[in-house]
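Here are the chains, one letter per residue:
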Amino acid sequence: MAIVQLGAQGKVAAPPSPFLLELNAPDGVVLRLRDAEDRETIIPRHRLNDRRVIVSVDDRGLSIGAARADGQPFEPAVMVGVTISSLQTPDDHIVRTQIDAGGRPHVRLVRTAVLDSVASLIDAHDVAFEPQPDVDKESSDEGGVSQDRPTIASTPRFASRPAAAIEQRDWHRRGGYAYHAGHESAAQSGAWAMVIDGSASMRVRDQGEVARLLEAIIGITIAARLGGPESVGVTRLNGSRELGPDLDHDVADWSTLFSGAPSPWSQVTPAVRAAAQQVGPGGLVVLVVDGTPVDALDLVGWSKENPERIELHVVALGRSGSKHREALRWWEDELVVLAPLREAGHRLVAIDGPAAVADHPTELADDLYPRERG
């Protein structure tokens, strides 16, 4: 018996058509079969039940996915996968490893494609497959499949996504759910980095609330950009300090954020500029700041010049007329100096404090990435 695991960004030779599909998911989840471009529904050749079908692949191709039977979005942390079995050799299986479907109305797991004249199955979850003509042939060799243990399918290269500093972790799920609850198809792969205000005013806030807020923002942005950040830096009196290695764990370690001497004031533009250079043209920098930084005018000026077309998302702790429940007079708006960021095409999101969204980040996700209408 041969078992091949198809993981993220993987590909594997497809079994001869027709083949058996078996959904690996909780009760209430059903298979969703579409053509390879996800434009029309594919009728299976034979339906054993909602979770086991026999399908044939024609010129339209096939996209294998899942959805809830009641049409509602998946609940948080629902894991979904699929097993594809050959009818000619029933003991041979291709297993698409389970993914977290939380918040999504449906998920794509695997789709068919012809690569180098070979019928193939490729990962279809949160990726746009871009086969490279010069992929090392050895890396895509499907020979040598173990009879005793699963084999990990080879991973193709993707031209649009650079290496990320932080891998997917369980603590990203809350933010990921908040994003997927209202954004079915808006995610776009791209480099991004985060800058966190390390000033004394940020440090005196409740550390647990600040950590949960930052984790929510990271989870939201990972979902929206289809990958982890290139860096996560916290500002210091002189420059900034990288937090990425402290966060790349099953439980993020935020102690570095709250240790050492804080900056007596919030100065963020140098760190934002450095992050912008790191992500490159068309990248995203996410800034989390307590109130208005002392160099706000420099930040606004840089955002308007912006020769490399960097996108800036600013999450600022403070009262602002655009979000506050009660109308504020202009001198009560604590973020009025940052308002020109919106005019320059960037996102400025004001929150009264970290507790307001730390545990309920859906509204924050909608502010950073306006909910799809249709």
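Refer to the structure above for everything that follows.
Everything numeric here is computed off the predicted structure, so don't read it as measured data.

Criteria and cut-off values
Residues numbered from 1 in each chain as written. Predicted model: local features only at pLDDT ≥ 70, side-chain atom pairs only at ≥ 80, totals over all residues. Heavy atoms only, no water. Pairing = 2+ DSSP bridges. Helix = DSSP H or I, 4+ residues; strand = E, 2+ residues; numbered from the N terminus. Axes fitted to C-alpha atoms, helices over the stretch in contact; angles between N-to-C directions. Contact = heavy atoms within 4.5 Å. Phe/Tyr/Trp six-rings, centres within 6.5 Å; stacked < 30°, edge-to-face > 60°. Buried < 20%, exposed > 50% of the residue type's maximum accessible area, 1.4 Å probe, protein only. Parallel < 35°, antiparallel > 145°, perpendicular 65-115°, else oblique. Left-handed = near helix turned anticlockwise from the far one by under 90°. Nonpolar A, V, L, I, M, F, W, Y, C, P; charged D, E, K, R; others polar. Arc of directions from axis to C-beta. Patch = residues over 30% accessible without salt bridge, like charges linked within 9 Å, V, L, I, M, F, W, Y side chains within 5 Å. Areas by Shrake-Rupley, 256 points an atom, 1.4 Å probe, with all protein chains shown as cover. Salt bridge = Lys/Arg side-chain N within 4 Å of Asp/Glu carboxyl O. Core = buried A, V, L, I, M, F, W, Y, C linked by side-chain atoms within 4.5 Å.

**Focus on the sheet that holds strand S10 (residues 106–115)**
Right, so step 1: Spatial strand order, S2-S11-S10-S7-S4: five strands in an open sheet with antiparallel pairing. In the strand order of this sheet, the two ends are held by strand S2 (11–13) and strand S4 (29–34), each with one partner. The mean angle between the axes of side-by-side strands here comes to 25°, regardless of whether they run parallel or antiparallel.
Right, so step 2: Bridging between strand S7 (residues 63–68) and S10 involves five bridges; their strand directions are antiparallel.

**A look at the sheet that holds strand S16 (residues 284–290)**
Pairing between sheet strands relies on hydrogen bonds along the backbone, with the strands arranged either parallel or antiparallel.
Right, so step 1: The strand order across the open sheet formed by six strands is S15-S14-S13-S16-S17-S18, and the pairing between neighbours is mixed. With one partner strand each, in any of the chains shown, strand S15 (240–242) and strand S18 (347–351) form the two edges of the open sheet. Between one strand and the next, the sheet's axes are offset by a mean angle of 20°, whatever the strand orientation.
Right, so step 2: Both strand S14 (residues 232–235) and S15 contribute to a ladder of three bridges, which runs antiparallel. Note that in S15 the partner of Gly-233 across the bridge is Glu-242.
Right, so step 3: Strands strand S13 (192–196), S16, strand S17 (311–317) and S18 of the sheet are contacted by helix H3 (residues 207–225), whose axis makes an angle of about 165° with S13.

**Considerations on the packing of aromatic side chains**
Right, so step 1: Using the criterion set out here, one finds one aromatic pair in the structure.
Right, so step 2: Taking the centre distance of 5.6 Å and the plane angle of 90° together, the rings of Tyr-179 and Tyr-369 count as edge-to-face. Placement of the pair is Tyr-179 in helix H1 (residues 173–180) and Tyr-369 in the segment after helix H9 (362–368), with a sequence separation of 190 residues.
Right, so step 3: You can call Tyr-179 buried: its relative accessible area is 1%.
Right, so step 4: Judged by its relative accessible area of 15%, Tyr-369 is buried.

**Considering the packing of H1 against H3**
Right, so step 1: Where H1 meets H3, the closest approach of the two axes is 6 Å, and the angle between their N-to-C directions is 55°. By the angle class used here, H1 and H3 are oblique. Pair H1 / H3 crosses with right-handed handedness. Across from Arg-174, Gly-175, Gly-176, Ala-178, Tyr-179 and His-180 in H1, the residues of H3 making contact are Arg-212, Glu-215, Ala-216, Gly-219, Ile-220, Ala-223 and Ala-224.
Right, so step 2: Residue composition of the contact of H1 with H3, by class: six nonpolar, four polar and three charged.

**What about helix H5 (residues 269–279)?**
Right, so step 1: Among the residues making up H5, those that are buried are Thr-269, Ala-271, Val-272, Ala-275, Ala-276 and Val-279. Looking straight down H5, one finds that the buried residues subtend no more than 155° of arc, so they occupy a single side.
Right, so step 2: Gly-280 lies just past H5 and shows a positive phi near 80°.

**As for the pairing of S13**
Right, so step 1: In terms of burial, S13 is largely enclosed, as five of its five residues are buried.
Right, so step 2: Here S13 shows no split at all, with Trp-192, Met-194 and Ile-196 on one side and Ala-193 and Val-195 on the other all buried.
Right, so step 3: As paired strands, S13 and S16 are joined by five bridges and run parallel to one another. For Ala-193, the partnering residue across the bridge sits in S16 and is Val-285.
Right, so step 4: In terms of strand pairing, S13 meets S14 through three bridges, oriented parallel. Of the residues in S14, the one forming a bridge with Met-194 is Val-232.

**Quick look at a nonpolar patch on the surface**
Right, so step 1: A surface patch of nonpolar side chains, about 310 Å² in accessible area, is lined by Leu-237, Trp-265 and Val-294.
Right, so step 2: Looking at where Val-294 falls in the secondary structure, it is placed in the loop between S16 and helix H6 (296–305).
Right, so step 3: Owing to a relative accessible area of 58%, Val-294 belongs among the exposed residues under this scheme.

**Quick look at the pattern of salt bridges**
Right, so step 1: One pass over the structure, following the stated rule, counts 12 salt bridges.
Right, so step 2: With a closest N to O distance of 3.1 Å, Glu-40 and Arg-60 form a salt bridge. With Glu-40 in the loop between S4 and strand S5 (46–49) and Arg-60 in the loop between strand S6 (52–55) and S7, this residue pair connects regions lying 20 residues apart in the sequence.
Right, so step 3: The class for Arg-60 is partly exposed, based on a relative accessible area of 36%.
Right, so step 4: Put simply, Arg-225 and Glu-311 hold a salt bridge, and the shortest N to O gap is 4.0 Å. In this pair, Arg-225 sits in helix H3 while Glu-311 sits in strand S17, placing the two residues 86 residues apart along the sequence.

**A few points about the nonpolar core**
Right, so step 1: Core analysis: the largest hydrophobic core is formed by 37 residues, its most contacted members being Met-194, Trp-254, Leu-257 and Leu-364.
Right, so step 2: Among the secondary structure elements, those contributing two or more residues to this core are H1, S13, H3, S14, S16, S17, S18 and H9.
Right, so step 3: A per-element tally of this core places H3 first, with 10 residues.
Right, so step 4: Beyond its immediate chain neighbours, meaning those up to four positions away, Met-194 contacts Leu-214, Ile-217, Ile-218, Ser-231, Val-232, Gly-233, Val-286 and Val-288.

**Considerations on the packing of H5 against H6**
Right, so step 1: Close contact between H5 and H6 brings their axes to 9 Å; oriented N to C, the two are set at 25°. Between H5 and H6, the angle is such that the two are roughly parallel. The residues of H6 that touch H5, namely those facing Thr-269, Val-272, Arg-273 and Ala-276, are Asp-298, Leu-299 and Trp-302.
Right, so step 2: Class assignment for the residues of the contact of H5 with H6 results in four nonpolar, one polar and two charged.

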